[in-house]
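Residue-level structure breakdown
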Amino acid sequence: MENIVLKEYINNIPKAELHLHIEGTFEPDLIFKIADRNKIKLDHNSVEELHSAYNFNNLQEFLNIYYTGAKVLLTDEDFYDLTWAYLEKAHSQNVIHTEIMFDPQTHTDKGISFDTVVNGIYSALKDAEKEFGMTSKLILSILRHLPQEAAFETYENFFNHRDKINVLGLDSSEIGNPPSKFQELFTRAYYDGLKLTAHAGEEGPPDYVWEALDTLKVNRIDHGNRSLEDEDLVEKIVNNQIALTVCPLSNLKLQVVDDLRDHPLKTMLDKGIKATVNSDDPAYFGGYINDNFIKTAEALDLTEDEIYKLVKNSFEASFADEKRKNEMIQLLEKYKVNN
Ligand code: HPA
Ligand code: ZN
């Protein structure tokens, strides 16, 4: 098939994004605009200079830069503008449902209130629903390099925002911070009725994926690439229809894979794993969701059928209610490939 046809198919097909850090959508030009508005002096003198500092070789080097960018966010309006910029882009790429992670501790640790962060993000989500018909879920993500006590303090805020927050997540530096560190918190969240997800098997070993499933009882795994190293784990993931929210361009930039042609996405599909495609931190990793699909499809020779499957997986694995899920899957029907 001609690439141009596949690109158009990818651009047009309605899709869900399930692994997206809102702080990771902060584009250099918006960082400058908001820094200016808040009278904050940045270490870099121009958008280009800031952009050229984005050279990281692993997760930790990336996180150091990413937490620095987030420092200029102070007000409800800042969080609104950040979220709105992402939603407009996602809408232009035919994302019809998105599940957004935010890291409250990054902001509350510098004195910004939890309410400011959530209210700013949530107003933008509601506006996108009104304006674009785009639905969403909000994922409160815990920084795993901090102690569980700190996570519990942050979690207390959830009770004032039950109407806005739907999911508990776990991100930041994986190695040395296994999922089991947060067992009590995730048990609590489970009984509070939240859905659960955790980053696991991005840099960390298959054991961390086992822990996320068996100890934290997560509904989904973020990344999960290293699951493929353990056949019993693959069997469990397949049998339990656990979705992996895979982020190919992130994996390339953070050197989880050396070349997109070696990316495990196709292998995951071939093994019957419910894999999905997502952008993770698109402002830092060189592409939004369609770029992730297109570049990976080119590298792995994915067919329209496989793209369809990945998109269908994203709707099935979403935390949208059944009615919305069925509606979205219905919309997909006309993109089904005739064999
Ligand atoms: N992994 C862990 N933590 C993160 C990531 C990631 O890919 N992106 C933002 N926080
Ligand atoms: Zn992530």
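Before reading further, recall that the structure is shown in the block above.
A brief look at the structure comes next. It should be emphasised that the depicted structure is a prediction, and the values quoted were computed from it without experimental measurement. Residue positions within a chain follow its written sequence, with the count starting from 1. Going through the entries in the order they are written, you letter the chains from A and number the ligands from 1. Reporting in this predicted model follows two pLDDT cut-offs: at least 70 for local features of residues, and 80 or more for side-chain atom pairs to be given and counted; totals over whole chains, interfaces and linings ignore these cut-offs and use all residues. Working from all heavy atoms in the structure, the side-chain values ignore hydrogens and water.

**Brief notes about the packing of aromatic side chains**
Note the cut-off: Only Phe, Tyr and Trp rings are paired, with Trp represented by its six-membered ring, and only when their centres lie within 6.5 Å; those with planes under 30 degrees apart are stacked, over 60 edge-to-face, the remainder tilted. Numbering goes from the N terminus for both helices and strands, where a helix is a DSSP run of H or I of at least four residues and a strand is a run of E of at least two. For every residue, the accessible area (1.4 Å probe, protein chains only) is compared with the maximum for its type, and the residue is labelled buried under 20%, exposed over 50%, or partly exposed between those bounds.
Across all of its chains, the model carries 16 aromatic pairs by this definition. Plain terms: the ring middles of Tyr9 and Tyr335 are 6.4 Å apart, the flat faces sit at 65 degrees to each other, and that makes the pair edge-to-face. Taken together, the positions of Tyr9 in helix H1 (residues 3–12) and Tyr335 in the segment after helix H17 (322–332) put the pair 326 residues apart, joining distant regions of the chain. Comparing Tyr9 with Tyr335 shows no difference in burial state: the two are buried. An angle of 75 degrees between the planes, with centres 5.4 Å apart, marks the rings of Phe56 and Phe62 as edge-to-face.

**Regarding the nonpolar core**
Inclusion rule: Here, nonpolar core means buried Ala, Val, Leu, Ile, Met, Phe, Trp, Tyr and Cys residues that are tied together by side-chain atoms lying within 4.5 Å of each other. The contact criterion used is simple: two residues touch if any of their non-hydrogen atoms lie within 4.5 Å.
With 104 residues, the main nonpolar core has Phe102 and Leu168 as its most contacted residues. Looking at which element gives the most residues to this core, the answer is helix H7 (residues 114–132), with 7 residues. With near-sequence residues (within four places) excluded, Leu168 lies in contact with Ile139, Leu140, Ile142, Tyr155, Leu185, Phe186, Ala189, Leu194, Lys195, Leu196 and Thr197.

**Concerning empty space enclosed by the protein**
To be explicit about the condition: Lining residues are defined by having an atom within 4 Å of a point belonging to a cavity or pocket. Those points lie on a 1 Å grid over the protein atoms alone, cavities being sets where a 1.4 Å probe fits but cannot get out and pockets being open sets with protein on both sides within 12 Å along at least five of seven lines. Grid points are joined across faces, edges and corners, and a volume is the space filled by probe spheres set on the points.
Considering all chains together, one arrives at 1 cavity of 30 Å³ or more under this definition. A volume near 110 Å³ is recorded for the largest cavity. Contributing to the lining of the largest cavity are 15 residues, with His21, Leu59, Leu63, Ser172 and His199 lying nearest its centre. It is helix H4 (residues 59–69) that contributes the most residues to the lining of the largest cavity, 5 residues altogether.

**Examining the layout of surface pockets**
Any empty space left between atoms is shown by rolling a water-sized probe over those atoms. Basically, it comes down to this: In this count, Pro and Cys sit with the nonpolar residues alongside Ala, Val, Leu, Ile, Met, Phe, Trp and Tyr, while Asp, Glu, Lys and Arg are called charged and the others, Gly among them, polar.
A volume near 240 Å³ is recorded for the largest pocket. Examining the composition of the lining of the largest pocket, we find that 3 residues originate from one element, H4, more than from any other. For the lining of the largest pocket, a count of residues per class yields 9 nonpolar, 3 polar and 3 charged. The computed volume of the second largest pocket comes to approximately 210 Å³. Along the wall of the second largest pocket there are 15 residues; nearest its centre are Lys126, Glu129, Ser136, Lys137 and Asn166. Of all the elements in the fold, those that place two or more residues in the lining of the second largest pocket are H7 and strand E3 (135–143).

**A few points about the site of ligand 1**
Applicable threshold: Neighbouring residues are identified by heavy atoms, a residue being near a molecule or strand if any of them is within 4 Å of it. Any N or O atom pair separated by 3.5 Å or less is treated as a polar contact, with the protein-specific requirement of one donor-capable and one acceptor-capable atom, and with residues adjacent in sequence counted only for side-chain atom pairs. A 1.4 Å probe and the Shrake-Rupley method give the accessible areas. Residues count as covered only by the protein chains that appear here. Molecule-in-pocket calls rest on the fraction of atoms, with more than half required to lie within 2 Å of the cavity or pocket grid points.
Taken together, the neighbourhood of ligand 1 is formed by His21, Leu59, Phe62, Leu63, Tyr66, Asp171, Ser172, His199, Glu202, His223, Asp280 and Asp281. Between a nitrogen atom of ligand 1 and a side-chain N or O atom of Glu202, the distance comes to 2.8 Å. Asp281 places a side-chain nitrogen or oxygen 2.7 Å from a nitrogen atom of ligand 1. Relative to its free-state accessible area of 260 Å², ligand 1 is covered by the protein chains to the extent of 100%. Taking a 2 Å distance to the grid points as the criterion, the majority of the atoms of ligand 1 fall inside the largest cavity. When residues in the shell around ligand 1 are grouped by element, the largest group, 4 residues, is from H4.

**A word on the packing of helix H5 (residues 76–92) against H7**
Stated precisely, the cut-off is as follows: To get an axis, fit a line to the C-alpha atoms, keeping to the stretch in contact for a helix; angles then go from 0 to 180 degrees between the N-to-C directions. Two helices cross in a left-handed way if the nearer one is turned anticlockwise from the farther one by less than a right angle. They cross in a right-handed way if the turn is clockwise.
Between H5 and H7, the least distance of the axes is 7 Å, while the angle of their chain directions is 35 degrees. Note on packing geometry: the crossing formed by H5 with H7 is right-handed. Across the interface between the two elements, Asp76, Phe79, Tyr80, Thr83, Trp84, Leu87, Glu88 and His91 from H5 touch Thr116, Val117, Asn119, Gly120, Ile121, Ser123, Ala124, Leu125, Asp127, Ala128, Glu131 and Phe132 from H7. Among the residues forming the contact of H5 with H7, the class breakdown is 10 nonpolar, 6 polar and 4 charged.

**What to know about the sheet that holds E3**
Threshold: In this description, strands pair whenever DSSP reports at least two bridges between them.
With parallel pairing, the 8 strands of this open sheet are ordered in space as E1-E2-E3-E4-E5-E6-E7-E8. Two strands close off the open sheet at either side, each with one partner strand: strand E1 (15–21) and strand E8 (274–277). Pairwise comparison of adjacent strand axes, ignoring direction, gives a mean angle of 25 degrees for this sheet. Bridge count for strand E6 (residues 220–223) against strand E7 (residues 243–246) is 3 bridges, and the pairing is parallel. Paired with Asp222 across the strands is Thr245, a residue of E7. Across the sheet, helix H15 (residues 289–300) is in contact with E1, strand E2 (95–102) and E8; its angle to E1 comes to roughly 105 degrees.

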